[in-house]
Amino acid sequence: MGAVSWLREAFRRAPAVPDPAVVEAASPDAPTAAQVRRVGYEYGIPLNAVTSSAQVAATSERQQVLSQLHQAYMSCIWVSSPIDLIARTVTAGGIQLVPDAGPDGQAPEDPPPVARLRRLLRFVNPHEDMVQLLRNVATDLLLFGDAYLEIVWLLGEPVALYTLDATTMTVLSDQHGEVTGYRQDVDGVRTATFKPRDVIHISLDAPRGGLYGVSPAQKALLPVVAWLFWEATLKECGRRGDPPRLHVDLAHFQDTDVQRWREQYRVYNLGPKAVGEPVVTTGGGAVGVLDGRKVTDYLDATRQLRDEIISCFGTPPAKLGIIESGNLGGGTGEQQDKTFRVNTVIPIANLLLEKLNYHLLQVGFGITDWHLEFGEIDYRDSKVVEEIRETRLRNGAYTLNRWRAEIGEPPVEGGDDAIFMERTFIADWANMGDLAKSFIIKNLGGNSVPAPSDPTDLAPPASGDGPSDPEDGPGLANDAKQGTGPRESASETAGPTAAERVYDQLLANYPASTLGWVLGASWSGPTDVPLDQVSFDHEEQWAASHEPKRVKHFLKQIRRKGRTKPVVLLRTPSSQKLIIVDGHHRSLAYRQAGKPIRAWIGTVAQNHGPWDELHSSQHHGTSNDQQEAWDALYQQCLDEALARIG
């Protein structure tokens, strides 16, 4: 025996680290082992099982169930696939040792026990690494309900970890469930006995408690057996060529003739090569079909049983490569993935980590300010991640340097200041209060101007006249008449500012990716446009022509207020009349009222462009016309706020 082996055996017999119960008892705040001893009895422990051999014999029935579960894992893909998927997902990010943040938020220095623990994580045993070891543990846990890890001690600390076959393990305890050790019986000849501290026992939840857990594979054992029967039936149907069930009347044939006919039928009409061969009889024999081929029914049965099996494991079908069309109620792929991780993966991961943190860190190495955790894998699409980062940067939740740190880039000067980015300006959050005040004053054109009556006039005008411009009111002297061209007053907004206002109005109902042409067009308005200058071609194809109630709503608004939110019209090089880009309901309402259409007028250099298909990309949750109701509520709230400010 070598020196290292002698030391290992010596410390096994007399460990340098005292028993955990003794350590806790030595603490003035911790109760003693005798004080926490339970009075009740544990479920599943026989009355006369006082010796280890008696307890091993009492679990013989359980060993048979575990053997059946192992056979189910090897023969049923809907048992092995969910188990393998969950085990791989749990350990996909690897395991890492992380310090607990101190009171000052700083991580502690690496003490010598942490360095020795890192060595154990890098080398757990000669033929497995830590990730592979934990994947085997997760597999045993999901298949058998229990998983066992053997701890090898040297000089009072763990130096190696090994998996133990769950089908050969027995938990030794007294009548109250107090664990006194573990026993492994491989074949009745090879046996091993372990002390409680030499084994990490991880078990799943059981309905009545007990020393052993109940696995999802055991819950699915009945549909698994049924699935195996149906698969065997399909196999036999395929071997025999899926023949129909027949009724054959051989009339006055003798028994020897009947037997000869049976043998000929097996040779000429059964098997894949006999598909399509006719059934031949002589001497007046009659053949009738009792039922047709049943393969499709068998396949439907296996699919139903498949769904029952994978539901026991909490695994979405898409994760197993099952693509089902019209899967109502299943949620999107991202929702299914989140549900899978929250309800299935994370509970298994936390169960493993809790056992490892206690047995390895606290008991094995005496480490209390560090913990083990599984690494996180960002499974989202790269484009989605970058869009989220950009949104956080624009609204000030992220700083530029934080973004750069996440993608591995060095910081830049001034990148630690949070900013707010809008389409037309960038502001520092530190100056947001002053910016809000200036924005209100700019929108109102001064503190003395009353609150606007039209929400569309809240956008800042190019001129200093503000929203109280008299040309914005209906029915004035300079308003356009029927049959005359649209007239614009000098005080109305034009140029880039008008383009921005049109863009903002459309942005509420259309994706920004479809509105790039708006900023490149030349805009004027809003102004009153005669009806005969607006094209109502193909109006029978408009959705607005089939929604008279909504048109009537705007008709009432026009008669009450004189106008609505401006319609968006467009002039192309070849168009004789202005084309309605947005606001078909309002245009029909203006025509019914017999009044000019209040509208923005844009001019483009091409006859066709993105504006032709703009309505196909409209947000269906709230149309531009439906937004009017919200505008009225917004105007009321703004009036009240301005009254308080004034």
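Everything numeric here is computed off the predicted structure, so don't read it as measured data. (Residues numbered from 1 in each chain as written. Predicted model: local features only at pLDDT ≥ 70, side-chain atom pairs only at ≥ 80, totals over all residues. Heavy atoms only, no water.)

1. So, the overall build of the chain
Thought 1: A count of helices and strands for the chain gives 20 helices and 16 strands.
Thought 2: Across the chain, contacts joining residues at least 24 apart in sequence account for 70% of those joining residues at least 6 apart.
Thought 3: For the chain, the exposed surface amounts to about 36,400 Å²; the carbon and sulfur share of it is 54%. (Helix = DSSP H or I, 4+ residues; strand = E, 2+ residues; numbered from the N terminus. Contact = heavy atoms within 4.5 Å. Areas by Shrake-Rupley, 256 points an atom, 1.4 Å probe, with all protein chains shown as cover.)

2. Observations concerning the confidence of the model for the chain
Thought 1: With 77% of its residues at a pLDDT of 70 or more, the chain shows a mean pLDDT of 78.
Thought 2: Contacts for the low-pLDDT stretch residues 12-18, under 50 throughout, to residues beyond four places or in other chains number 13 contacts. (pLDDT = per-residue confidence, 0-100.)

3. Considering the nonpolar core
Thought 1: Ranked by size, the top nonpolar core spans 72 residues in total, and within it V79, M130, Y148, I309, L352 and L356 carry the most contacts.
Thought 2: Dropping the residues within four chain positions of it, M130 is found in contact with I95, L121, V124, L161 and L356.
Thought 3: Among the nonpolar cores identified, the runner-up in size contains 20 residues, and V529, L531, V534 and L588 belong to it. (Core = buried A, V, L, I, M, F, W, Y, C linked by side-chain atoms within 4.5 Å. Buried < 20%, exposed > 50% of the residue type's maximum accessible area, 1.4 Å probe, protein only.)

4. A few points about the pattern of salt bridges
Thought 1: Using the criterion set out here, one finds 17 salt bridges in the structure.
Thought 2: Salt-bridge contacts for D337 lead to R341; the nearest nitrogen and oxygen are separated by 2.7 Å. Of this pair, D337 and R341 both sit in helix 12 (residues 333-364), four residues apart, roughly one helical turn.
Thought 3: Given the relative accessible area of 5%, D337 is considered buried.
Thought 4: Close ionic contact of E547 with R550 constitutes a salt bridge, the shortest N to O distance being 2.8 Å.
Thought 5: If you follow the salt bridges from partner to partner, you end up with E386, R389, R402 and E406 in one network. (Salt bridge = Lys/Arg side-chain N within 4 Å of Asp/Glu carboxyl O.)

5. Notes on the sheet that holds strand 5 (residues 179-185)
Thought 1: Taken in spatial order, the three strands make up an open sheet running 4-5-6, and their pairing is antiparallel. Looking at which strands have only one partner, the edges of the open sheet turn out to be strand 4 (169-173) and strand 6 (191-194). Averaged over all neighbouring strand pairs, the angle between strand axes comes to 20°, with direction disregarded.
Thought 2: Bridge analysis of strand 5 against strand 6 gives four bridges, and the strand direction is antiparallel. Of the residues in strand 6, the one forming a bridge with R183 is T193. (Pairing = 2+ DSSP bridges. Axes fitted to C-alpha atoms, helices over the stretch in contact; angles between N-to-C directions.)

6. Considering the packing of aromatic side chains
Thought 1: Under the counting rule described, the total for this entry stands at five aromatic pairs.
Thought 2: A centroid spacing of 6.3 Å and a plane angle of 75° characterise the contact between Y148 and Y182, whose relative ring orientation is edge-to-face. In this pair, Y148 is assigned in strand 2 (residues 146-154) and Y182 in strand 5, connecting sequence segments 34 residues apart. Y182 carries the same exposure label as Y148, and that label is buried.
Thought 3: Residues W230 and Y298 carry aromatic rings whose centres are separated by 5.3 Å and whose planes lie at 35° to one another, so their mutual orientation is tilted. Here W230 is found in helix 9 (residues 221-239), whereas its partner Y298 is found in helix 11 (residues 295-313), with 68 residues between them in sequence.
Thought 4: Assessed through its relative accessible area of 18%, Y298 is described here as buried. (Phe/Tyr/Trp six-rings, centres within 6.5 Å; stacked < 30°, edge-to-face > 60°.)

7. Let's talk about the pairing of strand 7 (residues 199-203)
Thought 1: For strand 7, the buried fraction is high: four of the five residues fall into the buried class.
Thought 2: As paired elements, strand 2 and strand 7 share five bridges and run antiparallel to each other. Bridge pairing in strand 7 places Y148 opposite H201.

8. Details of the environment of E422
Thought 1: Structurally, the position occupied by E422 is in the loop between strand 11 (419-421) and strand 12 (426-428).
Thought 2: Judged by relative accessible area, E422 falls into the partly exposed class, the value being 39%.

9. Brief notes about the sheet that holds strand 2
Thought 1: What the three strands build is an open sheet, ordered 3-2-7; its pairing is antiparallel. Of all strands in the sheet, those with a lone pairing partner are strand 3 (157-164) and strand 7, marking the two edges. Adjacent strand axes in the sheet meet at a mean angle of 25°, parallel and antiparallel pairs treated alike.
Thought 2: Direction of pairing for strand 2 relative to strand 3: antiparallel, over a ladder of seven bridges. Residue pairing in the sheet places W153 in a bridge with P158 of strand 3.
Thought 3: Sheet strands touched by helix 7 (residues 130-144): strand 2, strand 3 and strand 7. Its angle to strand 2, the strand with the most contacts, is close to 145°.

10. Digging into helix 7
Thought 1: The terminal C-alpha atoms of helix 7 lie 21 Å apart, and with 15 residues this matches the ideal 21 Å at 1.5 Å per residue to within 8%.
Thought 2: The element helix 7 is largely enclosed, with a buried count of eleven among its 15 residues.
Thought 3: After helix 7 finishes, the residue G145 shows a positive phi value of roughly 90°. (Expected span 1.5 Å × (residues − 1).)

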